[in-house]
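Report on the structure
Residue strings, one per chain:
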Amino acid sequence: MDQETLKLRRLSAQYLLAPDSRLHVVRAMDGFQAQFLSNTMHAMRLRSADPDAGYAADGLVKSWTLRGTMHLFAEADLPLFLHDGCRYHSRDWTVPSFWNQRPDWALTPQRQAYFSDLIVDALAQGPLTRESLKDRCRAAGMTQAEEDSMFHPWGGGIRELCKRGFLCGMVSEEKAFRLCPAFPPMEERDALLEQTRRYFTNYGPASIRDAAYYFDTSQAEIKKRLARLPVEVAECEGQRLFSLHSGRMPEQAIPDCLLLAGFDPLVLGYEKKQSIFLPQEYLRGIFSLSGIVMPPVLLHGSAAGRWKRSGKRLFVTQFRPFSREERGFVETAAAQLWGEDMRLIFQDA
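This text gives an overview of the structure that appears in the document. (Residues numbered from 1 in each chain as written. Predicted model: local features only at pLDDT ≥ 70, side-chain atom pairs only at ≥ 80, totals over all residues. Heavy atoms only, no water.)

This part covers the overall build of the protein chain. Counting its regular elements, the protein chain contains 14 helices and 13 strands. Over its C-alpha atoms, taken along the principal directions, the protein chain stretches across nearly 65 × 50 × 35 Å. Every one of the 349 residues in the protein chain was classed for burial, and the buried ones make up 53%. Here the contacts in the protein chain between residues at least 6 apart in sequence split such that 67% fall between residues at least 24 apart. (Helix = DSSP H or I, 4+ residues; strand = E, 2+ residues; numbered from the N terminus. Buried < 20%, exposed > 50% of the residue type's maximum accessible area, 1.4 Å probe, protein only. Contact = heavy atoms within 4.5 Å.)

Take a look at the structure:
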């Protein structure tokens with residue numbers, strides 16, 4: 001397999017050549033990373049045949065899943081990501097965790113139990129924002145140090161409640177939560193296998209190293225899961241690649257231009273230093289040192305810049321000079337997404 005064929009197969013597997021229904025795509029892709037909701041919605045829109053904003057959030061939730069990062073995913077997949085390895089609905093806060101082992105953790109197990117119950121009871125009346133939950137906890141005597149633990153920017157006690165299936169994030173720009181619907185969690189082994197099946201179906205062909213990067217696990221663990229899946233094996237430039245048949249074979253050329261999302265699965269789905277879509281000399285133009293993954297401008301399947309939208313203006317940062325024809329490709333892609341009146345401003349990196 002040559003690299004152009006591999007690009008086509010990955011673009012096709014990720015629904016970037018032939019979109020499908022919104023919920024089907026979200027489930028097939030193991031959800032979308034969701035630090036910034038606008039990026040998430042854009043990634044979903046690129047791949048969806050029915051992306052109308054009026055119901056884009058229907059049937060979806062947010063929580064910490066793959067790689068320990070916030071993801072948007074289908075509510076029907078709560079059992080898949082909050083499997084029985086996540087201590088479903090356990091109210092025992094004495095068990096050691098990443099959070100309560102931190103030196104700055106201020107909640108005793110008793111105080112964590114008290115405020116966790118308070119939060120669950122408050123959400124039983126309906127969704128609330130993070131700030132509203134803070135106000136209720138303060139009114140009940142929560143100290144500043146306890147608040148810093150329960151509402152830590154990386155998740156803290158709220159994240160523990162989400163992980164145990166008590167609550168989940170609302171699909172909104174504002175940080176808000178609601179109670180999770182009750183569900184029977186999957187067995188952890190089966191859940192991880194299903195996540196991996198989806199990966200090699202909708203991100204493949206991919207290497208073991210790619211999958212280990214995507215799941216933030218060891219290559220040995222990926223090999224164990226592969227042994228239970230009927231994968232096909234191919235080779236590209238000396239690298240063994242694995243895939244499961246998706247039923248979507250590319251029947252067209254690589255698009256002239258794709259305006260991918262920030263934190264897009266086409267970027268996050270593969271080990272970044274082996275990416276076939278991101279030339280290594282432009283790596284820092286997309287992956288910032290602060291952990292932000294910028295939205296790439298893909299020209300003929302290769303990142304050549306990044307973009308940022310502000311109202312009816314689209315700022316395009318070029319990593320190398322674009323030809324007049326290439327600028328035309330970007331203008332066409334922008335018009336298809338946002339309308340003909342979008343004003344493009346090209347600038348050098």
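Still more ground to cover, so stick around.
Our next topic: the packing of aromatic side chains. When we look at a pair of aromatic rings, we describe it by the centre distance and by the angle of the planes. Inspection of the entire model under this criterion finds 15 aromatic pairs. Seen from their ring centres, Tyr88 and Phe183 are 4.7 Å apart, and the 50 degrees between their planes marks the pair as tilted. Here Phe183 lies in the loop between strand E6 (176-179) and helix H9 (188-202) and Tyr88 lies in the loop between helix H4 (78-81) and helix H5 (109-123), a separation of 95 residues in the sequence. The exposure class of Phe183 is buried, given its relative accessible area of 9%. (Phe/Tyr/Trp six-rings, centres within 6.5 Å; stacked < 30°, edge-to-face > 60°.)

A word on the nonpolar core. Core analysis: the largest hydrophobic core is formed by 109 residues, its most contacted members being Ile119, Leu167, Leu259 and Val330. Non-local contacts of Leu167, meaning those with residues more than four positions away in its chain, are made with Ile119, Val120, Leu123, Ile158, Leu161, Cys162, Phe177, Arg178, Leu179 and Cys180. (Core = buried A, V, L, I, M, F, W, Y, C linked by side-chain atoms within 4.5 Å.)

The full count for this structure, using the stated rule, is 17 salt bridges. A salt bridge links Arg178 to Glu75; the shortest N-O distance between them is 2.6 Å. Residue Arg178 is found in strand E6, and its partner Glu75 is found in the loop between strand E3 (70-74) and H4; the two are separated by 103 residues along the sequence. For Glu75, a relative accessible area of 29% corresponds to the partly exposed category. Put simply, Arg27, Asp77, Glu194, Arg197 and Arg198 are held in one network by salt bridges that share partners. (Salt bridge = Lys/Arg side-chain N within 4 Å of Asp/Glu carboxyl O.)

On to the environment of Leu299. Mapping Leu299 onto the fold places it in strand E10 (residues 296-299). For the pair Leu299 and Arg189, spaced 110 residues apart in sequence, the C-alpha to C-alpha distance is 40 Å. Leu299 has contacts with Asp256, Cys257, Ala304, Arg320, Phe322, Glu326, Phe329 and Val330, leaving out every residue within four places of it along the chain.

It is worth spelling out the pairing of strand E7 (residues 232-236) at this point. With five bridges connecting them, E7 and strand E8 (residues 239-243) associate as antiparallel partners. Following the sheet pairing, Ala234 is matched in E8 by Leu241. (Pairing = 2+ DSSP bridges.)

Within the open sheet, the five strands sit side by side as E9-E10-E11-E12-E13. Their pairing is mixed. Edge positions in the open sheet fall to strand E9 (257-259) and strand E13 (343-348), since each of these has one partner strand only. Put simply, the sheet's adjacent strands are angled 30 degrees from each other on average, direction ignored. Both E9 and E10 contribute to a ladder of three bridges, which runs antiparallel. The residue bridging Cys257 from the neighbouring strand is Leu299, located in E10. Strands E9, E10, strand E11 (302-310), strand E12 (313-318) and E13 of the sheet are contacted by helix H14 (residues 324-338), whose axis makes an angle of about 50 degrees with E9. (Axes fitted to C-alpha atoms, helices over the stretch in contact; angles between N-to-C directions.)

So, on to the side chain of Ser207. Within the fold, Ser207 resides in the loop between H9 and helix H10 (208-215). Overall, Ser207 belongs to the buried group, its relative accessible area being 3%. Separated by 2.9 Å, the side chain of Ser207 and the backbone nitrogen of Asp210 make a polar contact. The residues touching Ser207, leaving out its near neighbours within four places in the chain, are Phe200, Gln239, Arg240, Leu241 and Gln274. (Polar contact = N/O pair within 3.5 Å; in protein donor to acceptor, adjacent residues only side chain to side chain.)

The next subject is the packing of H5 against helix H6 (residues 130-139). Relative orientation of the contacting elements H5 and H6 amounts to 130 degrees, with a least axis distance of 10 Å. Put simply, H5 runs oblique to H6. The handedness of the crossing between H5 and H6 comes out as right-handed. Contacts between H5 and H6 involve Phe115, Leu118, Ile119, Ala122 and Leu123 from the first element and Leu133, Arg136 and Cys137 from the second. Looking at the contact of H5 with H6 residue by residue, the class counts come to seven nonpolar, no polar and one charged. (Parallel < 35°, antiparallel > 145°, perpendicular 65-115°, else oblique. Left-handed = near helix turned anticlockwise from the far one by under 90°. Nonpolar A, V, L, I, M, F, W, Y, C, P; charged D, E, K, R; others polar.)

Another point: helix H3 (residues 37-47). Where burial is concerned, most of H3 is hidden: eight out of the 11 residues are buried. Buried within H3 are the following residues: Leu37, Asn39, Thr40, His42, Ala43, Met44, Leu46 and Arg47.

Bringing the packing of H9 against helix H11 (residues 219-226) into the picture now. Direction vectors running N to C along H9 and H11 enclose 90 degrees, while the axes themselves pass 10 Å from each other. Classified by the angle between their axes, H9 and H11 sit roughly perpendicular to one another. Each of Leu192, Leu193, Thr196 and Phe200 in H9 lies in contact with H11, whose residues at this interface are Ile222, Arg225 and Leu226. Of the residues that constitute the contact of H9 with H11, the class distribution is five nonpolar, one polar and one charged.

Further remarks concern the environment of Leu23. Tracing the backbone through its elements, the reader meets Leu23 in helix H2 (residues 22-28). Here the alpha-carbon distance between Leu23 and Glu75, two residues 52 residues apart in the chain, equals 9.8 Å.

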